[in-house]
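Geometric and topological summary
Now for the letters of each chain:
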Amino acid sequence: MKNELHAQLKALREERNLSLDELALKTRIGIARLQAFESGEEVPSTQNIMILSNALEVPASNLLDGL
C-alpha cells in the first residue's frame, strides 16, 4: 500500500497542475511533509489522507487503492 499511495498522491497532484506549495496551502500540511508522503518516506495519517483527498477532489479510497 505504501508504494501505491505515494505514487497516487504525486500523480493526482500533477494531474491537477498543483505545485507542492499550492497543495500545502490548500491542505495546511507542510511542504516537507508532502514531499515525504510523495517519496514514500512517510505514510500519511488517516486524518491527512482525508485532508488530501478533499484537496485533490477524489474519494479517500482512490488514494488507498492505488492507480
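Residues numbered from 1 in each chain as written. Predicted model: local features only at pLDDT ≥ 70, side-chain atom pairs only at ≥ 80, totals over all residues. Heavy atoms only, no water.

**Some points on the packing of helix 2 (residues 20–27) against helix 4 (residues 46–56)**
The N-to-C vectors of helix 2 and helix 4 enclose an angle of 115 degrees; their axes lie 9 Å apart at closest approach. As far as their axial angle goes, helix 4 and helix 2 are roughly perpendicular. Like other packed secondary-structure pairs, helix 2 and helix 4 cross with a definite hand, here right-handed. The segment helix 2 lies against helix 4, with L23, K26 and T27 engaging I51, L52, A55 and L56. In terms of residue class, the contact of helix 2 with helix 4 is built from five nonpolar, one polar and one charged. (Axes fitted to C-alpha atoms, helices over the stretch in contact; angles between N-to-C directions. Helix = DSSP H or I, 4+ residues; strand = E, 2+ residues; numbered from the N terminus. Parallel < 35°, antiparallel > 145°, perpendicular 65-115°, else oblique. Left-handed = near helix turned anticlockwise from the far one by under 90°. Contact = heavy atoms within 4.5 Å. Nonpolar A, V, L, I, M, F, W, Y, C, P; charged D, E, K, R; others polar.)

**So, the UniProt feature "domain: HTH cro/C1-type" (unreviewed entry) in the protein**
Residues annotated in UniProt with the feature "domain: HTH cro/C1-type" (unreviewed entry) correspond here to residues 9–63. Secondary structure within residues 9–63 divides into 71% helix and 0% strand; the distance between the first and last C-alpha atoms comes to 7 Å. (UniProt positions renumbered as here; feature names shortened; annotations may be inferred.)

**Let's talk about unusual backbone geometry**
One non-glycine residue, N17, lies in the positive phi region at around 55 degrees. Inspection of the secondary structure puts N17 in the loop between helix 1 (2–15) and helix 2. Judged by its relative accessible area of 67%, N17 is exposed. We note that R28 has phi near 60 degrees; this positive angle belongs to a residue other than glycine. Using a relative accessible area of 80% as the deciding quantity, one classes R28 as exposed. (Buried < 20%, exposed > 50% of the residue type's maximum accessible area, 1.4 Å probe, protein only.)

**A closer look at the packing of helix 2 against helix 3 (residues 31–39)**
Relative to each other, helix 2 and helix 3 sit at 110 degrees, their axes nearing to 9 Å. One finds that helix 2 runs roughly perpendicular with respect to helix 3. Touching L20, D21, L23, A24 and T27 of helix 2 are I31, L34, Q35 and E38, all from helix 3. When the residues that make up the contact of helix 2 with helix 3 are grouped by side-chain class, the tally is five nonpolar, two polar and two charged.

**Details of the nonpolar core**
With 17 residues, the main nonpolar core has L9, L23, L34, F37, L52, L56 and L63 as its most contacted residues. Among the elements that make up this core, the one with the highest residue count is helix 4 (four residues). Setting aside residues up to four positions removed in sequence, L52 forms contacts with L9, L23, T27, I29, L34, F37 and L63. (Core = buried A, V, L, I, M, F, W, Y, C linked by side-chain atoms within 4.5 Å.)

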